[in-house]
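Observations on the model geometry
Now for the letters of each chain:
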Amino acid sequence: MEEYIYCKACGYIMAKSHFTGRCPACGIPGEALFEAYTKQLSPGRRFLLDQHIHPIAVHFPQVLILITLLLPLIALVIGNPLREQLQIVAMLAIFVLPLTVLGGICTGLFDGRLRFRRVTTPLLVRKIIASVILQLLSLIILGVYLSSGFSGNAVWIIAALSAVGTACSIYLGRTGATMFSSFLPG
Ligand code: HEM
Ligand SMILES: [Zn+2]
């Protein structure tokens, strides 16, 4: 079984076989600063958590919600042909956003179960609620776009909904990042 060590200076955990004399995270040199990492995780769970499936997947909705917020507004103050090009990119983002939020939710539920064995913990329940709000917002944004495009008030409604969505996305990220070094052993 792979042995793990952790850096006493910064807490970084790594496979012992990957150690090259200094901490890859904080750069501190010297074997003395490393200690055996004893919190036991089964190799299967360790492997799956190390793939960072959810943290990678959530980059997509996080970027797309920002595009949905900013590009239609920038397009308002810019002349053609750039305006139309920005609106095309924003339209694509609006179409793909709901799917990527769904991806974030599925991978989040998977990683949450992997880390804590259940997804009914207080922090995860808050994340699930924020995710559902973000999913609904992404669908409403799509609906507004399909019915009115970026004309008239629609652009402002899309901007307002995207601003709330961005707040949800920031909340989801900040809450998620606090859980990186915690998990139920076993
Ligand atoms: C059912 C919903 C969700 C659950 C249960 C959940 C759970 C988790 C968990 C357990 C982590 C810790 C890292 C890991 O084990 O992967 C995490 C991190 C994170 N989550 Fe979620 N999550 C959910 C939805 C979302 C959504 C929809 C987003 C973004 C739109 C998001 C953004 C993040 C971010 C940014 C991190 C930190 C990643 C990093 O700092 O690189 N989560 N989440
Ligand atoms: Zn370190």
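Please refer to the structure higher up on the page.
So, how was this worked out
Residues numbered from 1 in each chain as written. Chains lettered and ligands numbered in written order. Predicted model: local features only at pLDDT ≥ 70, side-chain atom pairs only at ≥ 80, totals over all residues. Heavy atoms only, no water. Axes fitted to C-alpha atoms, helices over the stretch in contact; angles between N-to-C directions. Helix = DSSP H or I, 4+ residues; strand = E, 2+ residues; numbered from the N terminus. Parallel < 35°, antiparallel > 145°, perpendicular 65-115°, else oblique. Left-handed = near helix turned anticlockwise from the far one by under 90°. Contact = heavy atoms within 4.5 Å. Nonpolar A, V, L, I, M, F, W, Y, C, P; charged D, E, K, R; others polar. Core = buried A, V, L, I, M, F, W, Y, C linked by side-chain atoms within 4.5 Å. Buried < 20%, exposed > 50% of the residue type's maximum accessible area, 1.4 Å probe, protein only. Donors = N, O, S within 2.8 Å, 3.2 Å for Na, K, Ca; no water. Tetrahedral: all angles 85-135°; square planar, octahedral: opposite > 155°, others 65-115°.

**Digging into the packing of helix α1 (residues 43-50) against helix α4 (residues 82-116)**
Remark: α1 packs on α4, axes separated minimally by 10 Å, with the N-to-C direction vectors making an angle of 140°. As far as their axial angle goes, α4 and α1 are oblique. Crossing angle aside, the handedness with which α1 passes α4 is left-handed. Contacts between α1 and α4 involve R45, L48 and L49 from the former and F110, D111, L114 and R115 from the latter. Here the residues of the contact of α1 with α4 are counted per class, giving 4 nonpolar, no polar and 3 charged.

**Topic: the nonpolar core**
Counting residues in each nonpolar core, the largest one holds 23 residues, and the members touching the most others are I94, L134, I141, F150 and I158. Those elements that provide at least two residues to this core are α3 (59-76), α4, α5 (122-148) and α6 (154-177). Broken down by element, the residue count for this core peaks at 7 residues, all from α5.

**Observations concerning the coordination of the zinc ion (ligand 2)**
Every protein donor of the zinc ion (ligand 2) is listed here as C7 (SG), C10 (SG), C23 (SG) and C26 (SG), and their distances to the metal cover 2.3 to 2.4 Å. For the zinc ion (ligand 2), the 4 donor atoms in the first shell make angles of 106 to 113° at the metal, a pattern classed as tetrahedral. Each donor residue of the zinc ion (ligand 2) belongs to the same chain, with the gaps between them written as C-x2-C-x12-C-x2-C. With C7 in strand β1 (residues 4-7) and C26 in the loop between β2 (13-15) and β3 (34-36), this pair connects stretches of sequence that are 19 residues apart. With a relative accessible area of 0%, C7 lands in the buried category. Relative accessible area serves as the criterion here: at 37%, C26 is assigned to the partly exposed category.

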